[in-house]
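Descriptive analysis of the structure
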Amino acid sequence: MKLFTRQNRILTTILSKYNFSTAPKSVSSIQIKGQNFICDDYTNVTPKMISYLGRNLHLQKNNPLSIVRQRIVNYFYSSFTKRGHPAFSVYDNLSPIVTTKQNFDDLLIPTDHPSRAKSDCYYINRGTLLRAHMTAHQSELLRSGLDNFLMIGDVYRRDEIDSTHFPVFHQVDAVRSQRKEELFIGKPDLEIFEPSYDQENAHAYVNSIDDPMKQSCHTLEAAKLMEGQLKSHLIGLTKVLFGDDIKCRWVDAYFPFTHPSWELEIYYENNWLEVLGCGIVRNEILVNAGPSRNTIAYAFGLGLERLAMALYKIPDIRLMWSTDSGFVTQFENVDLNEDITYKPVSSYPQCTNDMSFWLPSHLTIDTFMSNDFYDLVRDVGGDIIEQVKLKDKFVHPKSKKHSLCYSIVYRHLERTLTQAEVNQVHKEIEKAVVDAYNVVIR
Ligand code: DAH
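The name given to the chain in an unreviewed UniProt entry is phenylalanine--tRNA ligase, with Trichoplusia ni as the source organism. Of the comments in the UniProt record for the chain, the one headed Function (unreviewed entry) reads "Is responsible for the charging of tRNA(Phe) with phenylalanine in mitochondrial translation." According to the UniProt record, the Sequence similarities (unreviewed entry) comment for the chain is "Belongs to the class-II aminoacyl-tRNA synthetase family."

**As for helix H9 (residues 304-312)**
With eight of nine residues buried, H9 is to be regarded as a mostly interior element. Positive backbone phi, approximately 55 degrees, marks Lys313, located one or two places after H9.

**With respect to the confidence of the model for the chain**
For the chain, per-residue confidence averages 91 on the pLDDT scale, and 93% of positions sit at 70 or higher. When the criterion is pLDDT under 50, residues 1-25 qualifies, and its contacts beyond four places in sequence or with other chains add up to 39 contacts.

**Looking at the sheet that holds strand E16 (residues 385-395)**
With antiparallel pairing, four strands are arranged side by side in an open sheet as E16-E17-E15-E18. Each edge of the open sheet carries a strand with a single partner, namely E16 and strand E18 (440-441). Where strand E15 (residues 351-358) lies against E18, two bridges are found, and the strand directions are antiparallel. The residue bridging Phe357 from the neighbouring strand is Ile441, located in E18. The strands touched by helix H11 (residues 370-381) within the sheet are E15, E16 and strand E17 (402-410), with E16 carrying the most contacts at an inclination of about 140 degrees. Relative to the sheet, helix H12 (residues 419-437) contacts E15, E16, E17 and E18, its axis offset from that of E15 by approximately 25 degrees.

**Side note on the side chain of Glu430**
Relative to the helices and strands, Glu430 is located in helix H12. This buried residue, Glu430, is left without a salt bridge; Lys427 holds the nearest opposite charge, at 5.9 Å. Ignoring anything within four residues of it in the chain, the contact list for Glu430 reads Met355 and Ile441.

**Quick notes on H12**
Between its terminal C-alpha atoms H12 stretches 26 Å, which fits the 27 Å expected from 19 residues at 1.5 Å a residue. Burial in H12 covers these residues: Val422, Val425, His426, Ile429, Glu430, Ala432, Val433, Ala436 and Tyr437. Phi turns positive, to about 65 degrees, at Asn438, one or two residues after H12.

**Some points on the state of the cysteines**
In this structure the tally under the stated criterion is zero disulfides. Free of any disulfide, Cys405 has its nearest neighbouring cysteine sulfur in Cys351, separated by 16 Å.

**A word on the packing of aromatic side chains**
Per the counting criterion, the structure on display carries 26 aromatic pairs. Residues Trp358 and Phe394 carry aromatic rings whose centres are separated by 6.1 Å and whose planes lie at 50 degrees to one another, so their mutual orientation is tilted. Highlighted residues: Trp358 in strand E15 and Phe394 in strand E16, separated in sequence by 36 residues. Taking relative accessible area as the criterion, Phe394 reaches 29% and is therefore assigned partly exposed. What links up through ring pairs into an aromatic cluster is the set Phe357, Phe368, Phe373, Tyr374, Tyr406 and Tyr437. Just above the ring of Phe166 sits the side chain of Arg378; from NZ or CZ to the centre is 5.9 Å. Over the face of the ring belonging to Trp358 we find Arg442, whose NZ or CZ atom lies 4.3 Å from the ring centre.

**Here's the deal with the nonpolar core**
Membership of the largest hydrophobic core comes to 74 residues, with the highest contact counts inside it found for Ile72, Phe76, Leu130, Leu302, Tyr312 and Ile314. Other than its neighbours up to four places away in sequence, Phe76 contacts Phe88, Leu150, Leu237 and Phe300. With 28 residues, the next largest nonpolar core counts Tyr374, Leu376, Val377 and Tyr410 among its residues.

**Some points on the site of the ligand**
Surveying the vicinity of the ligand reveals 14 residues, the closest of which are His133, Thr135, Arg157, Gln171 and Asp173. Measuring from a nitrogen atom of the ligand, one finds a side-chain N or O atom of Thr135 at 2.8 Å. Compared with its free state, where it exposes 360 Å², the ligand has 89% of that area covered by protein. Among the elements of the structure, strand E10 (168-179), strand E13 (271-281) and strand E14 (295-303) are those that each provide at least two residues to the shell around the ligand.

**Concerning unusual backbone geometry**
Cis geometry is adopted by the peptide bond preceding Pro260, which originates at His259 and carries an omega value of -10 degrees. You can see Pro260 is positioned in strand E12 (residues 258-268). Even without glycine at this site, Glu269 takes up a positive phi of about 45 degrees. With respect to the helices, strands and loops of the structure, Glu269 is situated in the loop between E12 and E13. Located in the positive-phi region is Lys313, a residue other than glycine, with phi close to 55 degrees.

**Concerning the sheet that holds strand E11 (residues 248-255)**
Taken in spatial order, the seven strands make up an open sheet running E5-E9-E10-E14-E13-E12-E11, and their pairing is mixed. Each edge of the open sheet carries a strand with a single partner, namely strand E5 (89-91) and E11. On average, adjacent strands in this sheet sit at an angle of 20 degrees to one another, irrespective of strand direction. As judged from the nine bridges shared by E12 and E13, these two strands associate in the antiparallel manner. Each bridged residue has a counterpart across the sheet, and for Ile266 the counterpart in E13 is Leu273.

Quick notes on the rules
Residues numbered from 1 in each chain as written. Predicted model: local features only at pLDDT ≥ 70, side-chain atom pairs only at ≥ 80, totals over all residues. Heavy atoms only, no water. UniProt positions renumbered as here; feature names shortened; annotations may be inferred. Buried < 20%, exposed > 50% of the residue type's maximum accessible area, 1.4 Å probe, protein only. Helix = DSSP H or I, 4+ residues; strand = E, 2+ residues; numbered from the N terminus. pLDDT = per-residue confidence, 0-100. Contact = heavy atoms within 4.5 Å. Pairing = 2+ DSSP bridges. Axes fitted to C-alpha atoms, helices over the stretch in contact; angles between N-to-C directions. Lys, Arg positive; Asp, Glu negative; His and termini not counted. Salt bridge = Lys/Arg side-chain N within 4 Å of Asp/Glu carboxyl O. Expected span 1.5 Å × (residues − 1). Disulfide = S-S within 2.5 Å. Phe/Tyr/Trp six-rings, centres within 6.5 Å; stacked < 30°, edge-to-face > 60°. Lys NZ or Arg CZ within 6 Å of the ring centre and 35° of its normal. Core = buried A, V, L, I, M, F, W, Y, C linked by side-chain atoms within 4.5 Å. Near = heavy atom within 4 Å. Polar contact = N/O pair within 3.5 Å; in protein donor to acceptor, adjacent residues only side chain to side chain. Areas by Shrake-Rupley, 256 points an atom, 1.4 Å probe, with all protein chains shown as cover.

Have a look at this one:
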């Protein structure tokens, strides 16, 4: 309880600095894009995060993320047509503010699933958050009657800080549904559903996922045919992006909203790199979206940053946000399918300062929330924070006091930082950490 009051105080301080509307004594509401939200014990979204809303890098003409987005959309437009028109519709401007129902419940994510944790998401309040994946829009679009669609946008997750992680990134998520006549062309005797599945009573059917090959409601023919389509479409996409020689492999996976589920990995710079998650949509989701559907669907989600970094050899995820002309011009007016290799403009030196502190008696090295700490560091230090690494944990043998040491790596992408200015920022972070957690700097 005490900790929460303290965090709230920092939030109030930060919010007032950014001129967000705050109630006189404690934070009771936040304005985001003209909408008022009541804060509660789940509120952990920071003004820094709110400032990313609406940047829409995936729609900025010369941004590498936008180039990859267009290539993916073109692949789906040209591969699937219905009477001469693209069979897929594209939604790339949906609001990133979603309900917990959209982000979790509609997708059958259990109430105790770790992905719901406050330490992993940016909550506006108990019922509202910045979407953690684009799959959050799957149910509402199905409910609106769509069967084939792409959802593209910015997603928000609390995470560590390094060259490949940033709390905002971009995803393409998709659903492709097939009716019996589309799936089994010329084979009218084959069925999507097992005889034991009564479509009229779909809500009452208990759909089991014990069989690794399929959901109990589906026939093996339908599940296998859909799996085949899903895999060949996604390998097709990967080859269009990376060329025919790219090495790929499928790995069995688990997602609460699909069964069976897989991840696709590509062999890139001597490592297997996971590029997407996918699977056959859980029938309960389709039933909840409209009980009369006689369809089976596959879905997938991929991260645009990963793909763009691998395709164009961009070494640091923060570069996507750069407005520096040295970066931007390399992606200006390019042909979508051109081979582009990013050339580092120059690499300015990094500065590393350590921060060690004793925890107050109510915290231990195991209960201290690193993600809260990372957010605080980023809020105070801004974009010059390149990485925060846990360097050492220590329990004093006599006093039993717990101590942590983090290394903070500072680097400006566009100029050299002086040690003096880094020290100044480092001091400000120390002060904020002392205020937030009542720690004692060593
Ligand atoms: N939403 C998942 C994530 O962010 C990715 C994903 C997996 C999306 C499977 C899907 C899917 O649509 O079917 O990690």
